[in-house]
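Each chain, written out:
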Amino acid sequence: MALTLEGKTALVTGGSRGIGKSIAISLAKFGADVAITYARSVEAAEAVKAEIEALGRNAKCIQADAVDFAQAESVVNEIVTDWGKLDVLVNNAGITKDNLILRMGEEEWDAVITTNLKSIFNYSKVVARPMMKNRSGSIINISSVVGINGNAGQSNYSASKAGIMGFTKSYAKELASRGIRANVIAPGYIKTDMTENLGEKVLEDIKQSIPLRRAGEAREVADAVVFLASDMSLYITGEVIRVDGGMAM
Ligand code: NDP
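What you are looking at is a predicted structure, and each value in this text was computed from that prediction instead of being measured. (Residues numbered from 1 in each chain as written. Predicted model: local features only at pLDDT ≥ 70, side-chain atom pairs only at ≥ 80, totals over all residues. Heavy atoms only, no water.)

Engineer: Explain the side chain of Asn92 residue by residue, including any values.
Structural biologist: As for its placement among the helices and strands, Asn92 is situated in the loop between strand E4 (88-91) and helix H4 (106-134). Non-local contacts of Asn92, meaning those with residues more than four positions away in its chain, are made with Val12, Thr13, Gly14, Ile19, Gly20, Ile23 and Ile142. (Helix = DSSP H or I, 4+ residues; strand = E, 2+ residues; numbered from the N terminus. Contact = heavy atoms within 4.5 Å.)

Engineer: Tell me what's going on with the site of the ligand, and back it up with residues and numbers.
Structural biologist: The immediate surroundings of the ligand are formed by 31 residues, with Ser16, Arg40, Ser41, Tyr157 and Thr192 found nearest. The side chain of Ser16 places a nitrogen or oxygen atom 2.7 Å from an oxygen atom of the ligand. Within the side chain of Lys161, one N or O atom sits 2.9 Å away from an oxygen atom of the ligand. Residue assignment for the shell around the ligand shows that the elements contributing at least two residues are helix H1 (18-29) and helix H6 (155-175). Taken together, the residues of the shell around the ligand sort by class into 13 nonpolar, 13 polar and 5 charged. (Near = heavy atom within 4 Å. Polar contact = N/O pair within 3.5 Å; in protein donor to acceptor, adjacent residues only side chain to side chain. Nonpolar A, V, L, I, M, F, W, Y, C, P; charged D, E, K, R; others polar.)

Engineer: Can you lay out the nonpolar core for me, pointing to particular residues and giving the numbers?
Structural biologist: Counting residues in each nonpolar core, the largest one holds 33 residues, and the members touching the most others are Ile23, Leu27, Val34, Val90, Ile140 and Ile185. Looking at this core, the elements with two or more residues in it are strand E1 (9-12), H1, strand E2 (33-38), helix H2 (42-54), strand E3 (59-63), E4, strand E5 (137-142) and helix H8 (218-229). In terms of residue count, H8 provides more of this core than any other element does, 8 residues in total. Those residues in contact with Ile140 that lie beyond four places of it in its chain are Val88, Leu89, Val90, Asn91, Asn183, Ile185, Val225, Leu228 and Ala229. Among the nonpolar cores identified, the runner-up in size contains 24 residues, and Leu11, Ala35, Met131 and Ala172 belong to it. (Core = buried A, V, L, I, M, F, W, Y, C linked by side-chain atoms within 4.5 Å. Buried < 20%, exposed > 50% of the residue type's maximum accessible area, 1.4 Å probe, protein only.)

Engineer: Could you give an account of the pattern of salt bridges, with specific residues and numbers?
Structural biologist: For the structure on display, the rule yields 12 salt bridges. One salt bridge connects Arg214 with Glu220, and the closest N-O pair in it is separated by 2.8 Å. Under the relative-accessibility criterion, Glu220 is labelled partly exposed at 23%. For Arg219, the salt bridge identified is with Asp223, shortest N-O distance 3.8 Å. Taken together, the positions of Arg219 and Asp223, both in helix H8 and 4 residues apart, correspond to about one turn of that helix. (Salt bridge = Lys/Arg side-chain N within 4 Å of Asp/Glu carboxyl O.)

Engineer: Break down unusual backbone geometry for me, citing the residues and quoting the values.
Structural biologist: A positive phi angle, close to 50°, is found at Arg135, a residue other than glycine. Structurally, the position occupied by Arg135 is in the loop between H4 and E5. By relative accessible area, Arg135 is classed as exposed at 51%. Residues other than glycine seldom take positive phi values, yet Arg213 does so here, at roughly 60°. Relative to the assigned elements, Arg213 resides in the loop between helix H7 (200-208) and H8. A relative accessible area of 47% places Arg213 in the partly exposed class.

Engineer: A description of H2 should follow, citing residues and the corresponding values.
Structural biologist: An ideal rise of 1.5 Å per residue puts 18 Å on 13 residues; H2 measures up with 18 Å between its terminal C-alpha atoms. For H2, the set of buried residues is Ala45, Val48 and Ile52. Around the axis of H2, the buried residues are gathered within 55° of arc, so they sit on the same side. Of the exposed residues in H2, the ones pointing more than 90 degrees away from its buried face are Glu43 and Ala54. Buried residues along H2 sit in contact with H1, E2 and E3. Looking one or two residues past H2, Gly56 carries a phi angle of roughly 85°, positive in sign. (Expected span 1.5 Å × (residues − 1). Arc of directions from axis to C-beta.)

Engineer: Let's hear about the sheet that holds strand E7 (residues 240-243): which residues, and what values?
Structural biologist: Hydrogen bonds along the backbone pair up the strands of a sheet, which may run parallel or antiparallel. Read from one edge of the open sheet, 7 strands run E3-E2-E1-E4-E5-E6-E7, paired in parallel fashion. Of all strands in the sheet, those with a lone pairing partner are E3 and E7, marking the two edges. Shown here is a sheet whose adjacent strand axes are inclined to one another by a mean of 15°, direction ignored. Where E1 and E2 come together, 4 bridges link them in parallel fashion. Each residue of the ladder has a partner; that of Leu11, found in E2, is Ala35. (Pairing = 2+ DSSP bridges. Axes fitted to C-alpha atoms, helices over the stretch in contact; angles between N-to-C directions.)

Written out as C-alpha cells, the structure reads:
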C-alpha cells in the first residue's frame, strides 16, 4: 500500500511556525486538505496557507486560542461545514515558561498547563462527534521527551507533556470501538523558535545526550505524523512514538 493522504482533511493547531508548520505542509504534500490554527502570527499563518494552496490543496488558517473551548468548537465546525468531514487532528500548539519550582509563579504554571494540556482536551473532545459519524479518524498529540524523562526547570512543561500521554491512552480506549485512533509523538530536541534561545552550553550538553548526536529537524517529526495520519498505521492506537534521536531510550 502506498502512503497517501489523498481525500483526507486535517487540522493542525499551532501551524504557523516550527513543527506545526512543517506538519501542515507535509500533510498537504501527501495529499490532504489542511487547516491550521495559530495564536498571533497572522502573516506567518497566511504564508503557510499559501504554501499549502500552491501544492494544489485546500487550506484554511484560523486565528484561535487553543485554550478556549468555544473557539475550538467554532474551528472544527467551520472545517466540517466547508469540507464535509475531519479525518486527522494534530494537537501541536504548545509553549514553554521555564523556571525552577522554587521560582515558578502560578501564572507560569497555569499558562503552560492550559496551553499545552487543556487545548488537547478541547480539540480532542470537539472532533469526536464528526469522527464518530465517519467511524474513522486519527488524533495525533505532540508531547515531548521531557514528558518521559522530566527536566529541571521545566516541571510545568513536563507535567503537561506527561499529561498528554495519559490523556491520549485513555481517549484511545474510549474511541477505539468507533474506529478512531489516538497516538502521541514525543519529539526530542528539534530546531525551532522554541529552542533557539537555549544558549551554546545547554545546546552542547543536549547534543551529548542524544545518541544520534544531532538536533532533529521539524520535518522529521512531520514524517512520523504523516505515518500516523495515514492508513499505513490503522492497527496502531494508544502508542507513544519518540522522534528524539534516541534521547529517551
Ligand atoms: P514554536 O514556538 O516554534 O511554535 C508554536 C506554535 O504554537 C506556533 O504556531 C504558535 O502560534 C502556536 N501557539 C502557541 N500558543 C498557542 C495558543 N494558545 N493557541 C494557538 N496556537 C498557539 O514551537 P515548536 O514548533 O518548537 O513546538 C511545537 C510543539 O512541539 C509544541 O507542543 C512543543 O511543546 C512540542 N515540542 C517541541 C520540541 C522542540 O524541540 N522544538 C521538542 C518536543 C516537543 P503563533 O505563531 O501565533 O504564536
